[in-house]
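This is what each chain is made of:
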Amino acid sequence: LLSTYIQAMMGGITVSVTVQTLIESGCLSRCAFLFDQDQSLDSSGISGQLQHHDGSDGGENNSPLRILNAVKLSLMLTRTFFQCYNDRKNNSALASLRMDGFVVKLQYSPNADEEDGETSRAGDEHLQSISSVDQFNAITSNGLIQWILLDMDVRYSDVRIPSANMNTAALVQNIGKLLYAIFSQNDAPAPESQHSNGDKDKGIETTRRSPKTRRSAIKSLFQQLIELGYPISVCRLLSDLIDKGTTHHPITSFDDIIRDLEQMNSHPHIFLHNPENEFYTSTIHFGQRYSGRSKELAKLLEITTVPNERNFGLETIFVSGMAGSGKSHLVSAVGSFVSNFGFMVLTAKFKRGMEYKSREIVSTLMDKMVTNLVEMKDSDNESDIEYSLQAARAISNALDADSLSSLVDFVPSIQGLIPEAVRKENSGCTHWQLVFLLSKLLGSVLRQKRKIFLALDDLQWTDPTTLGLMSEVLTSICQYPEERQHLVFVGMYRDNEVSSDLMSFTTSFVNLEVHGSANVTDVKLSSLSLDDVTEMIMSELRLPRRLVSELADVVHKRTHGHALFVVQLLNSLVSDSTIAYSPMNHRFYWDQDTVCILKTADSVASLIVSKLTSLPVGELQCLRIISCFGIQVQSDLLELLEGFMLAPQGGFKPYLRNLVDQGIIEIVGYSTIVVFSHDLIQEQVYEGIPVKERQQLHSDIGISLGSKTSLDVSCEHKTIDAAIEQLYLSDVSDNEDSVTDVSSLVSIATSQINNAGPEFFADRTQHTRFASWNLRAGKDAAEHSSFRAALHYYKHGIAFLGDALWLEDTYELCLKLYEGASFSSSALGEISQISMYANGIINNVKFEDSLVAEHLLIGSISVSGQCKEAVARGLAVLRQLKFDIPATPSPMVVMQTMNQTEREASVYNFSQIADFQRRVDPKTRNVMKLVDAISAACYQIASPFLPLVACVTVRFSLQNGVCEESISAFVIFAYFQVFLKQSFDQGRHWANIAKNMLEKASAEGPVTRARFLLFSFVNFWYVPLQESSNHMQKIHDLSLKVGDIESAYMAQCLRFKFLFFQGERLSSLSHSADTYLQSMARFSIGSAKFTALDKEMVDVLAGNKSSNPYAIFNGKICNKESILADAQSKMHFQIVEGVHLQNFFVSFWMGDYDEAVKASDIAMSFPSAKMPKVQLVYHIFYRGIVAFHLYRDGEGEKWLNEGNDMQDQVEVWVKNSKPIFENKLILLEAEHYASMCNVVAAKESYELSIKVARDNGYIHEEGLAYECMGKYLTSIVEVRDAERCFMSAHKCYMQWGAVAKADKLWKDWDLSSSTECIEISTIKHKRDE
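In this text the structure is predicted, and so the values were computed from the model without any measurement. (Residues numbered from 1 in each chain as written. Predicted model: local features only at pLDDT ≥ 70, side-chain atom pairs only at ≥ 80, totals over all residues. Heavy atoms only, no water.)

A word on the overall build of the protein chain
Test applied: Elements are defined by DSSP. Helices are runs of H or I of four residues or more, strands are runs of E of two residues or more, and each kind is numbered from the N terminus. The classification of residues rests on relative accessible area computed with a 1.4 Å probe and restricted to protein chains. Under 20% of the type maximum is buried, over 50% is exposed, and intermediate values are partly exposed. We call two residues in contact whenever any of their non-hydrogen atoms come within 4.5 Å of each other. Per-residue accessibility takes into account occlusion by the displayed protein chains alone, with areas from the Shrake-Rupley method and a 1.4 Å probe.
Counting secondary structure elements, the protein chain contains 63 helices and 17 strands. Looking at the protein chain as a whole, 57% of its 1329 residues qualify as buried. Long-range contacts, defined as pairs at least 24 residues apart, comprise 73% of the intrachain contacts of the protein chain with a sequence gap of at least 6. With the model as given, the accessible surface of the protein chain reaches about 55100 Å², and the carbon-plus-sulfur share is 51%.

Put into structure tokens, the structure is as follows:
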């Protein structure tokens, strides 16, 4: 920005003037000096100059504007002097230089409100040489002028200094005098140097002291300059240059002068202007201000603030390093910087030993984002108000009322932004539902084009589920350029504590980078360099490099550059007054010899421990209690503890301030949060407590806080005051704002007891008591869908019972704990844990109490791929429940069972069955959940027991009531009406009943599965394929909303098939597949495999050879042969069937009927092929065409019979859905007539099939009918008409996008040679007509 600004000014006047004239003009007080863009300049310097200009006649003599201008001019003069010294080596000439010997070249641009005229005419001249003060003042008299310091030259005089004064020290001293002249503007006599030689120096006036003046009364040059009102840093520099006799740090190097001036110029607020009084009176704390690691900081600032010209990918930064290396400090500095550019900065920090709370920490992060939006509604900034309103509208449009209600639990502040968002009872979210909701929430805010800086600290302490949650949300954001380009994500972690889950998390972004949707930067922090340590000390003590370099060298060697060790060591030097402020010297001072011989700890841990052991008893007790909560605690909790014996005498507040002053803790979040300044300090405090004492402390804290709740009243009922019961804590990741956390007082008290451990409590009654506490805390966590935390509490509850498991007095408590643990494990997808806890129930309880466990266990067995075992176990359980399920599901038994079900249902009319839903008792619902799990397993392996399970479920529902879990049974029953009985009317009847039930049911997982089954396997018989594809899209969206990820992507997979068979343009299909395949590969591997196969089929027909749909599997699956081999090894027959069906469809369309038959025969050999689905419907249609062709090619009578069978099957379907099947039946009839040599009927049927296909928009089947007719006409030697048919087919295929198919047709029938003949024939035909 500055460079652009300066370039815009370059058209102004350029003048050349001596430094003497420049300073005598007084322009240093009324002009702003800038450096050329090729020289360094902190933009804050400009604002500082403009801010301190008062618009009058030059301002105060020592105003910040004048002083900063003097620094810039001094810096340019010193650089010029040094350059001459290096170039000429003419020391005598340099030593004699005066202020009028330096000529500076400047350029300026008039103010915006300055009129043209004389100023403009002056600008026509290339360079004006200014020789007088009045002439220069004439130019600068029109308000504040901004000058660019372009260059400086030297004009040597004939005066020479005697050779004795020609050494470097004399030259340095001469520079000092020249600089004083600049700062004083020659309007004050120079203070007397104690080592003045009595001569009047060139370039600076001196005064002789009276011989009678006592030496003790003579003030040093430094003191005299201070009294004249110059900044301390300027006084120190001039004194060290001029008064070499009294200063302790004389300057002997040109580099030191230049570095001092550069610091003043670049950071005037630190190294130039005098600090506030607090700097002298308060204790210095190293580590509070960012310093050091300039390269890393510059790199991160460039990434976050400069748009990436390569793409608009999500900027992802991973910062890693050892504990205490400064990761958080670096990222915090970047966050603070970008917040000034309008970024919304969101940060969170995960906690050691509290991995189970990770989800809640992410909750606080998202809640903070929404809280910021809520606060902006009442802002004075119009852009903030508009941004908040737009974000609220976008969120409302992206999420419906049910979704917003589900989101309230995770992001409570959403109610403040969108009042319509009202929490409903039992509205918790599943993992995948939360992925959907957070993706929509964050994406809606990002689309408002204001950037968000999102940083997560200590990722190594995040549980795998939360890592997965964040990965999926950010991956979802990456799919949309308008979202990802407005997000910067930063993850920090300790590089020596990386788990496989964290490695997978970071790798997922690398994979996104490969696809161009993310830009990943790894920043690995090693030890601080000597320059970093020097810069830290310089910035904090506000001293130049030359004064701190020796101290920095000692500190760096002692600490090996470990960032936290450096900070702690420096703070210890301050606390023991080794580094102390010296009023006489106006600076912090230390004895370098003392520093060199100090004995220090050999590690940061040892240093912290030694520091802690010296604390007073009360402060140490206070720290120990705080450390029991982790790295932070809410101050309200400490206030609650003050009424108990464990609190330090006098309470916590008297000790907190001293601990803050020592840099051990910080109080943040509007004084509501007490947080350790670093987690290593918390670790040392906590680990320094003896084990028994630590357990006692946890016990005392837990029991004290528990007494403020209803934990000991009842584990079932909440009867205490809501204000205490729902005491919400805050979670902050740094020292700024607090964010609401969902951890209640119940969970905190229980966690404290768990940290004490069961072994600490000898009383069995206490064990039972605290097991009940964990049950309560687990239920609370599960109600908020925090299943990782819930499982943590359930596990601890079981551990507390120990040997008392499943005893008479603990039976109910055990059952609830084990059921909770099993359910939470199921929600987290941890199959081994489900099995362990479910079997724990099944092996120890009565059968009727094991239904929940059986349901969860069967589901987990099925998910693990053992569907056959799941079905067997499920059937055994149903028989125990007295369900009449025959041992052998023969076709006769199945038909009998279906007839029996119809008879029992016949006593109810449609309305009675459809309205049969009522509130069912828990046992009935548990049975339905069990049956639902068994049905899912049956479907996976096409088990012949599936219709039997559906029948008994329908009968059970009619007797006991319908709930969401039983709707699938009605859908399956409708399906088998079509499949087994070929009764489309009955199928429609039961499908309508299921549809009516779905309309009245809530949108939950079982309902979305039922909806998917209905519209993918039943409803498509009765409605056009386009309508079915639309239903699949709606099911996809609904399933994502409720977290049923499998149904969501299976629906998208089926939608792809519906569109293909509908005749959707292949390029559109290919784009649709690319859109969803990445997500499918992450969420639903089965759907991804099916869709990759279909995408390959589309690519073959379209001739797209560059596409590779299997790339989404990242090398694990390379082609369909890999899919086939994997499916065969795992006995996934539906996928095996899918591979061979794809081969069939490709071979059919490309005209290779022999290969098509082979693939068809293999596909039909699997049990799953017996179950009708849309691809098998089209398989029958295409197989019929192949059969008739093979018959006419002389392959035998069996093909005619098979063709007739296929025709008969399609004829049955036509009666049910004419728009879908009519053209197909007519084409098969044409093929039949052609096979029977009925020329007239064949031609009429072909032409009618073409017309009906065209009327229904089936462009691909119109082309197929033309192609079949062309082949037939060729066989009866009607060549010209056949060629017309082929040309029409070619046109249809091209419109469909099947370029490869069209090209093959063109080549097979040599259409290029016959095109001209057809055109001539067509013209003649039209003329005859």
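Observations regarding the side chain of threonine 750
Looking at the element boundaries, threonine 750 is found in helix α35 (residues 745-756). In this structure threonine 750 touches Leu711, Trp773, Asn774, Ala777 and Tyr793, once residues within four positions along its chain are discounted.

As for the pairing of strand β5 (residues 145-154)
To be explicit about the condition: At least two bridges found by DSSP between two strands are what make those strands a pair.
Among the 10 residues that make up β5, seven are buried, leaving the element largely enclosed by the rest of the structure. The sheet contact formed by strand β2 (residues 31-35) and β5 spans five bridges and is parallel. Directly across from cysteine 31, in β5, lies its bridge partner isoleucine 145.

Considering the packing of aromatic side chains
We apply this condition: For this analysis, a ring pair means two rings from Phe, Tyr or Trp (six-membered ring only for Trp) whose centres lie within 6.5 Å, classed as stacked if their planes differ by under 30 degrees, edge-to-face if by over 60, and tilted for the remaining angles. In this analysis the charged atom, NZ for Lys or CZ for Arg, is taken to sit over a ring once it is within 6 Å of the ring centre and within 35 degrees of the ring normal.
Throughout the structure, instances matching the rule amount to 57 aromatic pairs. An aromatic cluster is built from Phe1060, Phe1061, Phe1144, Phe1145, Phe1148, Trp1149, Tyr1153, Tyr1178, Phe1181, Tyr1182, Tyr1293 and Trp1296, whose rings are joined through pairwise contacts. Taking the ring centre of phenylalanine 35 as reference, the NZ or CZ of arginine 79 above it sits at 5.8 Å. The ring of tyrosine 686 carries arginine 694 above its face, with NZ or CZ at 4.7 Å from the centroid.

A look at the pattern of salt bridges
Rules: Whenever a carboxyl oxygen of Asp or Glu lies within 4 Å of a side-chain nitrogen of Lys or Arg, that contact is scored as a salt bridge.
Within the structure shown, the criterion is met by 51 salt bridges. Residue glutamate 262 pairs with arginine 79 through a salt bridge whose shortest N-O separation is 2.8 Å. Placement of glutamate 262 in helix α11 (residues 254-266) and of arginine 79 in helix α4 (residues 64-88) is noted, with a sequence separation of 183 residues between them. With relative accessibility at 29%, the residue glutamate 262 sits in the partly exposed group. Of the residues examined, arginine 79 reaches a relative accessible area of 24% and is grouped as partly exposed. Between glutamate 483 and arginine 447 there is a salt bridge whose closest N-O contact spans 2.7 Å. Residue glutamate 483 is found in helix α22 (residues 481-484), and its partner arginine 447 is found in the loop between α20 (431-446) and β8 (452-457); the two are separated by 36 residues along the sequence. A residue is classified by how much of its surface remains accessible, and arginine 447, at 35% relative accessible area, is partly exposed.

Some details on the environment of leucine 1264
Among the structural elements, leucine 1264 can be located in helix α60 (residues 1259-1275). Setting aside its immediate chain neighbours within four residues, leucine 1264 contacts Phe1148, Trp1149, Phe1181, Tyr1182, Ile1185, Leu1227 and Tyr1293.

Section: the sheet that holds strand β10 (residues 518-525)
Definition in use: Only the stretch in contact is used when fitting a helix axis, every axis being a line fitted to C-alpha atoms; angles between N-to-C directions are given from 0 to 180 degrees.
A sheet is described by the order of its strands in space; here five strands give the open sequence β7-β8-β9-β6-β10, paired in parallel fashion. Each edge of the sheet is formed by a strand with only one pairing partner; in this case those strands are β7 (344-349) and β10. The sheet shows a mean angle of 15° between the axes of neighbouring strands, taken without regard to direction. Pairing of strand β6 (residues 314-321) with β10 involves eight bridges; the strand directions are parallel.

Thoughts on the sheet that holds strand β14 (residues 665-668)
On the basis of which strands lie adjacent, the open sheet formed by three strands has the order β13-β15-β14 and antiparallel pairing. Of all strands in the sheet, those with a lone pairing partner are β13 (632-634) and β14, marking the two edges. For this sheet, the mean inter-axis angle between neighbouring strands, taken without regard to orientation, is 20°. As paired elements, β14 and strand β15 (residues 673-676) share four bridges and run antiparallel to each other. Note on β15: the bridge partner recorded for isoleucine 667 is valine 674. Of the strands in this sheet, β14 and β15 touch helix α31 (residues 653-661), which is tilted by about 115° from β14.

A few points about the side chain of serine 358
Within the element layout of this structure, serine 358 appears in helix α16 (residues 358-376). Those residues in contact with serine 358 that sit more than four places away from it in its chain are Phe350, Trp461, Thr462, Asp463 and Thr466.

Section: the environment of phenylalanine 956
Along the chain, phenylalanine 956 turns up in helix α45 (residues 946-960). By relative accessible area, which is 16% here, phenylalanine 956 ends up buried. A C-alpha to C-alpha distance of 9.5 Å links phenylalanine 956 and valine 927, two positions 29 residues apart in sequence. Every residue in contact with phenylalanine 956, bar those within four places of it in the chain, is listed here: Phe883, Thr924, Val927, Met928 and Gly961.

Details of the confidence of the model for the protein chain
Close inspection of predicted coordinates is inappropriate for parts of the model with low pLDDT. Worth spelling out the cut-off: The quantity called pLDDT is the predictor's confidence in a given residue, expressed from 0 to 100.
Mean pLDDT over the protein chain: 84, with 85% of residues reaching 70 or higher. Across residues 1-10, where pLDDT falls below 50, the model places 18 contacts with residues more than four positions away in sequence or in other chains. Overall, residues 195-217 carries pLDDT values under 50, and its contacts beyond four positions in sequence, including any with other chains, amount to 31 contacts.

Remarks on a negative patch on the surface
Threshold: Grouping into patches uses exposed residues only, defined as over 30% relative accessible area, and leaves out salt-bridged ones; the cut-off is 9 Å for like charges and 5 Å for nonpolar side chains (Val, Leu, Ile, Met, Phe, Trp, Tyr). The charged-residue count follows a simple rule in which Lys and Arg add positive charge and Asp and Glu add negative charge, with His and chain termini not counted at all. Think of each charge as sitting on NZ of Lys, CZ of Arg, CG of Asp or CD of Glu.
A surface patch of negative charge is lined by Asp1152, Asp1154, Asp1193 and Glu1195. By the element assignment, glutamate 1195 lies in the loop between α56 (1174-1192) and α57 (1197-1214).

Regarding the packing of helix α61 (residues 1279-1296) against helix α62 (residues 1299-1308)
Inclusion rule: Roughly parallel refers to an angle under 35 degrees, roughly antiparallel to one over 145, roughly perpendicular to one between 65 and 115, and oblique to any angle outside these ranges. The handedness criterion is simple: a crossing whose near helix is rotated anticlockwise from the far helix by less than a right angle is left-handed, and one whose near helix is rotated clockwise is right-handed. Each residue gets one of three labels, nonpolar for Ala, Val, Leu, Ile, Met, Phe, Trp, Tyr, Cys and Pro, charged for Asp, Glu, Lys and Arg, and polar for the others, Gly among them.
Where α61 meets α62, the axes come as close as 8 Å, and the angle between the chain directions of the two elements is 165°. Taken as axis vectors, α61 and α62 run roughly antiparallel relative to one another. When the axes of α61 and α62 are compared, the crossing they make is left-handed. Packed against α61, whose contacting residues are Phe1286, Met1287, Ala1289, His1290, Tyr1293 and Met1294, the element α62 presents Val1299, Lys1301, Ala1302, Leu1305 and Trp1306 at the interface. Looking at the contact of α61 with α62 residue by residue, the classes come out as nine nonpolar, one polar and one charged.

Focus on the packing of helix α39 (residues 831-842) against helix α40 (residues 851-863)
Contact geometry for α39 and α40: axes closest at 9 Å, N-to-C directions at 150°. When the interaxial angle is binned, α39 and α40 end up roughly antiparallel. The two elements α39 and α40 cross, and the hand of that crossing is left-handed. Mapping the contact onto sequence places Ile831, Ile834, Ser835, Ala838, Asn839, Ile841 and Ile842 in α39 and Ala853, Glu854, Leu856, Leu857, Ser860 and Val863 in α40. Among the residues making up the contact of α39 with α40, the classes are represented as nine nonpolar, three polar and one charged.

Let's talk about the environment of glycine 516
Within the element layout of this structure, glycine 516 appears in the loop between α23 (500-514) and β10. Note: C-alpha distance between glycine 516 and phenylalanine 312 (204 residues apart in sequence) is 8.3 Å.

Quick notes on helix α55 (residues 1153-1163)
Three or more residues of α55 are buried, namely Tyr1153, Ala1156, Val1157, Ala1159, Ser1160 and Ala1163. Where the residues of α55 are buried, they touch α54 (1133-1149), α56, α57 and α60.

Re helix α46 (residues 967-979)
Cut-off, in case you're wondering: One less than the residue count of a helix, multiplied by 1.5 Å, gives the span that helix is expected to have.
The terminal C-alpha atoms of α46 lie 19 Å apart, and with 13 residues this matches the ideal 18 Å at 1.5 Å per residue to within 8%. Burial within α46 is extensive, with 13 of its 13 residues counted as buried.

Considering unusual backbone geometry
For lysine 449, which is not glycine, the phi torsion reads 70° and is therefore positive. For lysine 449, the position within the fold is in the loop between α20 and β8. In this structure, histidine 560 is a non-glycine residue whose phi angle is positive, near 60°. Within the element layout of this structure, histidine 560 appears in the loop between α25 (545-559) and α26 (563-575).

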